[in-house]
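Report on the structure
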Amino acid sequence: MEKPAISNLPGTGSPAPGTGIYIHIPFCAAICNYCNFNRGLHDDGLRRRYVDALITDIRSWADLSRRSPEGAKADTIFFGGGTPSLLEPAEVARIIQACRESFELAPDSEITIEANPESSTPERLQGFRAAGANRLSFGVQSFRDEELRRLGRLHSSEAARGAVRAARAAGFDNVSLDLMMWLPGQSTSEWLTSVDALIDQQPDHASLYLLEIYPNAPLRDEMARAGWSVAPDEDAAAMYLEGLARLDRAGFEQYEISNVARPAARRSRHNLKYWQAGDWLAFGCGAHATFRGERWRTVSAATDYIDRIATGQDVRLDRRMLGAEERLEEVLFMGLRLTEGLDLSRLHCSHGIDIWTRYGPDLSTYVSAGLLVHEPGRRLALTRNGMLLANDVMSVFIGGAVR
Ligand code: SF4
């Protein structure tokens with residue numbers, strides 16, 4: 001749902017086992033004034049037809065699964081959006097069942113639903129849990145009502161607290177909360193109020209995203225009218241560092257630039273597939289998949305997706321095999337997002353490349369500046385200060401094939 005991270009460049013370690021299944025639900029009850037995700041207004045009839053199309057699409061993979069049992073093993077499902085919590089629990093149950101019938105779904109699979117507080121009634125959350133979901137990721141964004149109104153969000157901070165209580169009562173023992181920082185008119189102390197309120201909710205996982213306002217976002221006009229501005233860059237850095245410091249003190253462990261979790265077992269197993277160069281399939285409109293070295297995207301519009309599935313046309317576009325250098329670049333970008341960083345000896349085995357020999361001359365200045373940690377032959381990782389400048393550090397890897 002609401003994603004811009006502190007760095008927008010993509011992330012590795014060892015590939016997570018099993019394939020991930022991403023399911024895109026492109027419907028929202030209202031469109032937030034900063035959003036440029038693939039979404040549209042919710043409509044009951046459209047949603048029902050979309051779910052039918054999704055199930056047909058998922059089932060079409062059952063053939064592949066029969067032909068190639070290895071490709072059929074999956075261990076995460078992630079309902080992202082949009083607002084997946086607008087689905088009826090019976091629809092979630094049908095989609096999960098279609099996945100079970102088409103893939104060999106591990107018994108301990110992580111099944112996440114992204115949820116907005118306003119559509120997370122106790123009955124609905126109980127229904128999601130009964131349908132097989134075992135992880136909820138709430139788009140809270142702020143615990144200050146004034147900020148929520150500025151963003152055009154439909155919920156209040158009290159509704160967010162109520163949703164977390166309802167999630168626990170429904171039996172979810174894995175709950176993640178998203179917050180956004182660097183909001184229009186937000187001071188560092190106001191941001192930290194939200195971080196403290198998040199800690200009070202005792203989630204298992206949290207994501208801190210930086211709000212990036214795209215050029216034509218309605219929020220830009222509202223900012224101009226109301227005279228709101230965003231804090232200077234130094235304040236954004238202070239928000240990030242002090243927010244993470246408070247989460248450290250509360251017992252969370254940072255494992256990725258924008259993500260913290262309580263015990264390691266509460267890290268997002270699905271998202272780790274993106275950061276560890278794993279495989280994932282994607283169903284629904286406007287989604288991206290990477291599977292066995294091949295990448296594709298699906299058609300953008302929900303209606304196009306429904307029509308194509310109904311008439312037996314392919315919904316996958318731009319299918320291509322990733323080149324060796326492209327894969328390596330991604331492994332480096334994505335792996336460096338993780339606090340554990342890059343495993344240099346493993347990369348040497350898997351790609352036949354000594355990363356420090358190739359990139360060391362350009363990276364050493366970042367090591368000297370305290371932005372990178374280099375353990376020769378073992379590990380290369382961003383420090384927390386380095387995470388603030390991750391884009392600069394990672395730019396070293398772009399087009400680094402010949403040096
Ligand atoms: S709820 Fe999320 S996906 Fe929907 S409009 Fe708002 S920011 Fe965009």
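Residues numbered from 1 in each chain as written. Predicted model: local features only at pLDDT ≥ 70, side-chain atom pairs only at ≥ 80, totals over all residues. Heavy atoms only, no water.

Some details on the sheet that holds strand β15 (residues 342-343)
- Read across the open sheet, the three strands follow the order β15-β17-β16; overall the sheet is antiparallel. Since the sheet does not close on itself, it has two edges, and those belong to β15 and β16 (372-375), each with one partner.
- The sheet contact formed by β15 and strand β17 (residues 379-382) spans two bridges and is antiparallel. Its bridge partner lying in β17, D343 is registered against R379. (Pairing = 2+ DSSP bridges. Helix = DSSP H or I, 4+ residues; strand = E, 2+ residues; numbered from the N terminus.)

Here we look at the pairing of strand β9 (residues 253-256)
- The pairing of β9 with strand β10 (residues 259-261) spans three bridges and is classified as antiparallel. Across the sheet, residue E256 finds its bridge partner in β10, namely N259.
- Between β9 and β10, which pair antiparallel and follow one another directly, the connecting turn spans two residues.

Observations concerning unusual backbone geometry
- G81 connects to G82 through a cis peptide bond whose omega is 15°.
- When you line up the elements, G82 lands in the loop between β4 (73-81) and α3 (89-102).
- With a phi angle near 70°, Q141 is a residue other than glycine that sits in the positive phi range.
- Within the fold, Q141 resides in strand β6 (residues 135-141).
- For D318, which is not a glycine, the phi torsion comes out positive at approximately 55°.
- Looking at the secondary structure, you find D318 in strand β14 (residues 316-321).
- The exposed category is assigned to D318, whose relative accessible area is 51%. (Buried < 20%, exposed > 50% of the residue type's maximum accessible area, 1.4 Å probe, protein only.)

Looking at the side chain of E91
- Counting through the fold element by element, E91 comes out in helix α3.
- Residue classification places E91 among the buried positions, given a relative accessible area of 7%.
- Polar side-chain contacts of E91 include one of 2.9 Å to the side chain of R47. (Polar contact = N/O pair within 3.5 Å; in protein donor to acceptor, adjacent residues only side chain to side chain.)

Quick look at the packing of aromatic side chains
- A complete count under the given rule lists 11 aromatic pairs for this structure.
- Seen from their ring centres, W61 and F283 are 6.2 Å apart, and the 85° between their planes marks the pair as edge-to-face. Remark: F283 occurs in strand β11 (residues 280-283) and W61 occurs in the loop between α1 (44-59) and α2 (62-67); sequence separation between them is 222 residues.
- Using a relative accessible area of 10% as the deciding quantity, one classes W61 as buried.
- Here the aromatic residues W61, F103, F283, F291 and W296 are joined through ring pairs into a cluster of three or more.
- Here R262 stacks its cationic end above the ring of F252, 4.1 Å away from the centre of that ring. (Phe/Tyr/Trp six-rings, centres within 6.5 Å; stacked < 30°, edge-to-face > 60°. Lys NZ or Arg CZ within 6 Å of the ring centre and 35° of its normal.)

Some words on the packing of α1 against α3
- Two elements in contact, α1 and α3, have axes separated by 9 Å at closest approach and are oriented at 10°. Taken together, α1 and α3 sit at an angle that is classed as roughly parallel. Note on element contacts: α3 touches α1 through E91, R94, I95, A98, C99, E101 and S102, opposite R47, R48, V51, D52, L54, I55, I58 and R59. (Axes fitted to C-alpha atoms, helices over the stretch in contact; angles between N-to-C directions. Parallel < 35°, antiparallel > 145°, perpendicular 65-115°, else oblique. Contact = heavy atoms within 4.5 Å.)

Observations regarding the state of the cysteines
- On inspection of all chains with the given rule, the structure shows zero disulfides.
- There is no disulfide at C285, and the cysteine sulfur nearest it, in C28, is 11 Å away. (Disulfide = S-S within 2.5 Å.)

Here we look at the environment of Q97
- You can see Q97 is positioned in helix α3.
- Sequence-wise, Q97 and I55 are 42 residues apart; in three dimensions their C-alpha atoms are separated by 9.1 Å.

Remarks on helix α11 (residues 302-310)
- All of the buried residues along α11 are A302, Y305, I306 and I309. Each buried residue of α11 sits inside an arc of 95° when the element is viewed along its axis, so together they form one side.
- The elements touched by buried residues of α11 are α1 and β11. (Arc of directions from axis to C-beta.)

Considering the pattern of salt bridges
- One pass over the full model with this rule turns up 35 salt bridges.
- R59 is the salt-bridge partner of E101, the closest N and O atoms lying 2.9 Å from each other. Remark: R59 occurs in helix α1 and E101 occurs in helix α3; sequence separation between them is 42 residues.
- Taking the relative accessible area as the measure of exposure, R59 reaches 40% and is therefore partly exposed.
- Here the salt bridges do not stand alone but share partners, grouping D57, E294, D314, R316 and R319 into one network. (Salt bridge = Lys/Arg side-chain N within 4 Å of Asp/Glu carboxyl O.)

Focus: the side chain of T383
- Assignment of secondary structure puts T383 in the loop between β17 and α15 (384-388).
- In this structure the side chain of T383 is engaged in a polar contact, spanning 2.8 Å, whose partner is the backbone oxygen of G370.
- Beyond its immediate stretch of four places on either side in the chain, T383 contacts G370, L371, L372 and V373.

Quick word on the confidence of the model for the chain
- Looking at the chain, pLDDT values average 92 and 93% of them are 70 or higher.
- Scored below 50 in pLDDT, residues 1-15 shows 76 contacts in the model against residues more than four places distant or in partner chains. (pLDDT = per-residue confidence, 0-100.)

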